[in-house]
Each structure stands twice: as C-alpha cells, then as structure tokens.
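Report on the structure
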Amino acid sequence: MKKRILSGMRPTGPLHLGHLAGALENWVKLQDEYECFFMVADWHALMSEYEDPSKISYYIYEMVLDWLSCGIDFNKSTIFVQSDIPEHLELDMILSALTPLGWLERCPTYKEQMREDKTRDLSTYAFLGYPVLQAADILLYKAERVPVGEDQKAHLELTREIVRRFNNLYGETLVEPKEILTNTPRLLGLDGRKMSKSFNNYIALSDSPEAVRKKVSGMFTDPNRIKLSDKGHPDKCNVHSYYSIFAPRVNEPKVDLGKLEGDCKQARIGCTECKTKLADMLVKFLSKISENREKFEVQNIKDILSKGTEKARKVSGQTLLEVRQAMKFILN
Ligand code: TRP
Ligand code: SF4
C-alpha cells in the first residue's frame, strides 16, 4: 500500500518559476511513490483576496493547467478544488471547536503575514483560523506525508497538535502527518527581493518569450560591476543564481556554468550578453511547458476536476463520518 500525500496551493495569481522549483517539480516526482491528492486551496485564497475574489476562478483554471503542463498526471494523482468538497469546511468547524485561540495567535506565520503584508487587512476571523482549515485539508485524507516548504512547518506542527487533542478527547481517529521538506534552491525575485506576487518580480510559467526576455534584461546584477572591464562576482549576482538553478534542468542550449563563472570573474563576458543567454535558456525551458498547455482545453480541465472531486469525496466523506461517530456527534 502506498502512503498517501496531500498538498495544496492557493490560486491567488499565476504560477511562477519559484513555484515550479520550490514545489511543483517535487510533486511531479512524488507521484509514483505515493498516492497523491493535489488540492486547489480556493478557500485559503479567499482569506487574503476577499476584497476582490472575482479573479480566483480564473486562477484556479490557470493553476490546474500549469500543474498538468508541468507533469502532474491526472491518471496517477487526484486533483480537486477545495470548495467543491463540503467536508473541508465541516471538519474545519469541528476542529475549530477544539483548537485554543492561543495556538493560533502564537503561530509564527500568522504574526509574520500580519507584519509583512500591509497591502490588505488580514486581521479577520477566517485568517486567524487559516491553519485549522489547512489541518482539515490534510486530516480528511488521512495523509501521512505533506510536501511543503520550510515556511509551512509550523502549520504541520499545529496540525499534529490538533490531531493529538482530537484523539485524546474522542479516541484514535485522525492520523498525525509528517512533512516532506522540499529542499529547494532559494530563488529570489528578479529584483533580488523575495519572489512575490505583490512585488511583481517573477517570471510566470505562462509568460511569453517576449515577456521573459524583457524581464531578464531588467534583472539586477553584481552591483559592483559597472563597466564592462570590471571583474564580476557571480556569487553576488542574481542572474548567476538563476543560471545555477536552471542550467541543470535544460539540455539545450547547454550552459557551461564553470566557464561562465570564469568569464564573468575575468570580465570576458558583459552582463547584457550574459542575460541574453539566460533568457534564451529560460525561454527554451518554458517552451516545453507552453507546448503542453496547448494540449488541454477548458472542457478537459472541467472533466479532470470533476473526476478528482468524485475520488476525493469518497475519502473525505468516509473520514467525516468516522469523525462524527468518534465524537458521538451524529444523527441516527
Ligand atoms: N498553506 C499552503 C500554502 O500557502 C496551501 C495549503 C492549503 C496547503 N491547504 C494545504 C498545503 C494543505 C499543504 C496541505 O502554500
Ligand atoms: Fe552577473 Fe553575468 Fe554580469 Fe557576471 S556577467 S555579473 S554573472 S550578469
């Protein structure tokens, strides 16, 4: 029996290279070894996008298209949208009833988001409960493993605490999940800041070749290299970190990283040329994904999601029944 995985992403904008290198590639690899459930977390998206939720449905569609184009295989994995499955909110409510407020207020991601994101008011009731809904997502499928980034570790810990509390109160029912930490290369935004939707400093998986070239040409380079004759420091250059992350993923055009580093250090290559080559490489890399995109139509995506919903609901319905039975919170 394969172990089960659940993971999710929020449909709040186009997927970018950071999502690919940080999560999606890993999901693709896990598909053979695990029984995978991949969820579009649209309720979680609503928590931050509530002022204008009208784009969420477009992003759901685009996100699933990106997943499929990058190699998520709907014959192997179950793909579904959170809000299509009512059990998520039902279990969320049940778990909310037994989760102390202090656990949520202490959660580092909560405090950090409130501090960092000044563009919107996140001091809402739902946002405080973000990790409880995430716990419900995982626990409904009795997932033993959850592939997540470092930033989500606290949510997994909280999920385990909720499981222990539930099982103590009502008997062994829910399963404690462990994280699979994706050891991801740290990919910064084009401007050297954290890659983020609100900074608009990313290359989207669906960007056109022209957009990619324009974005790469505007990237920040080694700040100490002003003239062509100045020797460069590739280790301080964001263009170079993109090379080191993506060159191993591209066969054509082949990039000799060592030579490039030497050329930069000895001022044998200028930044403009260096960036043009990086753009060539990324355009090539993304062309495979965009070719795959063409293979799917709106109707395909709808069919894939409704098949996924059906499969997911069998599991979630069963778990919710067990939960209510354990609690003796059930109508006979
Ligand atoms: N919080 C996750 C993120 O922002 C998304 C998410 C929602 C998720 N539910 C989940 C991830 C369940 C893993 C498991 O990336
Ligand atoms: Fe960066 Fe390339 Fe310029 Fe060197 S040559 S500083 S690696 S952009």
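Since this is a predicted model, take the numbers as computed values, not measurements.

What follows is about unusual backbone geometry. Even without being glycine, K142 reaches a positive phi, approximately 45°. Secondary-structure assignment places K142 in the loop between α8 (130-140) and β4 (145-148). With phi around 50°, N200 is a residue other than glycine that occupies positive phi space.

This next bit is on empty space enclosed by the protein. Summed over the entire model, instances satisfying the criterion amount to two cavities of 30 Å³ or more. What the largest cavity holds in volume is close to 120 Å³. The wall of the largest cavity is formed by 16 residues, among which R225, C237, C264, C271 and C274 lie closest to the centre. Of all elements in the fold, only α11 (238-246), α12 (257-265) and α13 (271-293) reach the threshold of two or more residues within the lining of the largest cavity. Here the lining of the largest cavity is composed, by residue class, of eight nonpolar, four polar and four charged.

Close contacts around ligand 2 come from T221, D222, R225, C237, V239, H240, C264, C271 and C274, and that covers them all. A molecule is said to occupy a pocket when more than half its atoms come within 2 Å of that pocket's grid points, and by this definition ligand 2 occupies the largest cavity. Secondary-structure elements contributing two or more residues to the shell around ligand 2 are α11 and α13. Considered class by class, the residues forming the shell around ligand 2 number five nonpolar, two polar and two charged.

This paragraph deals with the domain arrangement of the chain. Its domain assignment divides the chain into domain 1 (4-187 + 297-327) and domain 2 (209-292). Each of domain 1 and domain 2 has a C-alpha centre, and the two are 35 Å apart. On the domain 2 side, the residues contacting the nine residues of domain 1 number nine residues. Together domain 1 and domain 2 conceal approximately 830 Å² of surface at their shared face, both sides included; 74% is due to carbon and sulfur atoms. Where domain 1 packs against domain 2, one counts one salt bridge. Between E25 and R249 there is a salt bridge, and its shortest N-O distance comes to 2.7 Å. In this structure, the connection of domain 1 to domain 2 is made through two residue pairs in polar contact (both at pLDDT 80 or more). Considering each element in turn, the side of domain 1 that touches domain 2 owes the most residues, four residues, to helix α1 (residues 17-30).

Enumeration over the complete set of coordinates arrives at 24 salt bridges. R293 is paired through a salt bridge with D66; the nearest N and O atoms lie 3.0 Å apart. Linking R293 in helix α13 with D66 in helix α3 (residues 56-69), this pair joins segments that are 227 residues apart in sequence. The burial state of R293 is the same as that of D66; both residues are buried.

Okay, the site of ligand 1 next. Every one of the 14 residues lining ligand 1 counts as a neighbour, but R10, Y130, Q134, D137 and Q152 are closest to it. Here a nitrogen atom of ligand 1 sits 2.7 Å away from a polar atom, N or O, in the side chain of D137. One of the side-chain nitrogen or oxygen atoms of Q152 is found 3.0 Å away from a nitrogen atom of ligand 1. Calculation on ligand 1 without its partners gives an accessible area of 370 Å², and the protein chains cover 90% of this total. Of all the elements in the fold, those that place two or more residues in the shell around ligand 1 are β1 (4-9), α8 and β4. When residues of the shell around ligand 1 are assigned to their parent elements, the largest contribution, four residues, is made by α8. Considering only residue class, the shell around ligand 1 consists of seven nonpolar, five polar and two charged.

Analysis parameters
Throughout, residues of each chain are indexed from 1 in the direction in which the sequence is written. All chains are assigned letters beginning with A, and all ligands numbers beginning with 1, in the order in which they are written. Selection of residues for local features in this predicted model requires a pLDDT of at least 70, selection of side-chain atom pairs for listing and counting requires 80 or more, and totals for whole chains, interfaces and linings are taken over all residues. Water and hydrogen atoms play no part in the side-chain values, which are based on all heavy atoms of the structure. Numbering of helices and strands starts at the N terminus; helices are DSSP runs of H or I of at least 4 residues and strands are runs of E of at least 2. In the cavity and pocket records, a cavity denotes points on a 1 Å grid over the protein atoms alone where a 1.4 Å probe fits but cannot get out, a pocket denotes an open set with protein on both sides within 12 Å along at least 5 of 7 lines, and lining residues are residues with an atom within 4 Å of a point. Grid points are joined across faces, edges and corners, and a volume is the space filled by probe spheres set on the points. Each residue receives one of three labels: charged for Asp, Glu, Lys and Arg, nonpolar for Ala, Val, Leu, Ile, Met, Phe, Trp, Tyr, Cys and Pro, and polar for the others, Gly being one of them. Nearness is defined per residue: one heavy atom within 4 Å of the molecule or strand is enough. Should more than half of a molecule's atoms lie within 2 Å of a pocket's or cavity's grid points, that molecule is taken to sit in it. These domain boundaries are the output of an automatic or database domain assignment. For this analysis, residues touch if any pair of their heavy atoms sits within 4.5 Å. Two parts placed together each lose some accessible area under a 1.4 Å probe, and the buried area is that loss summed for both. By definition here, a salt bridge exists when the distance from a side-chain nitrogen of Lys or Arg to a carboxyl oxygen of Asp or Glu is within 4 Å. A 3.5 Å cut-off defines polar contacts: any pair of N or O atoms within that distance qualifies, except that in protein one atom must be a possible hydrogen donor and the other a possible acceptor, and neighbouring residues in sequence count only when both atoms are side-chain atoms. Each residue is assigned to one of three classes by its accessible area relative to the maximum for its type, calculated with a 1.4 Å probe on protein chains only: buried under 20%, partly exposed between the two thresholds, exposed over 50%. Shrake-Rupley sampling with a 1.4 Å probe provides the accessible areas, and residues are treated as covered by the protein chains on show and by no other component.

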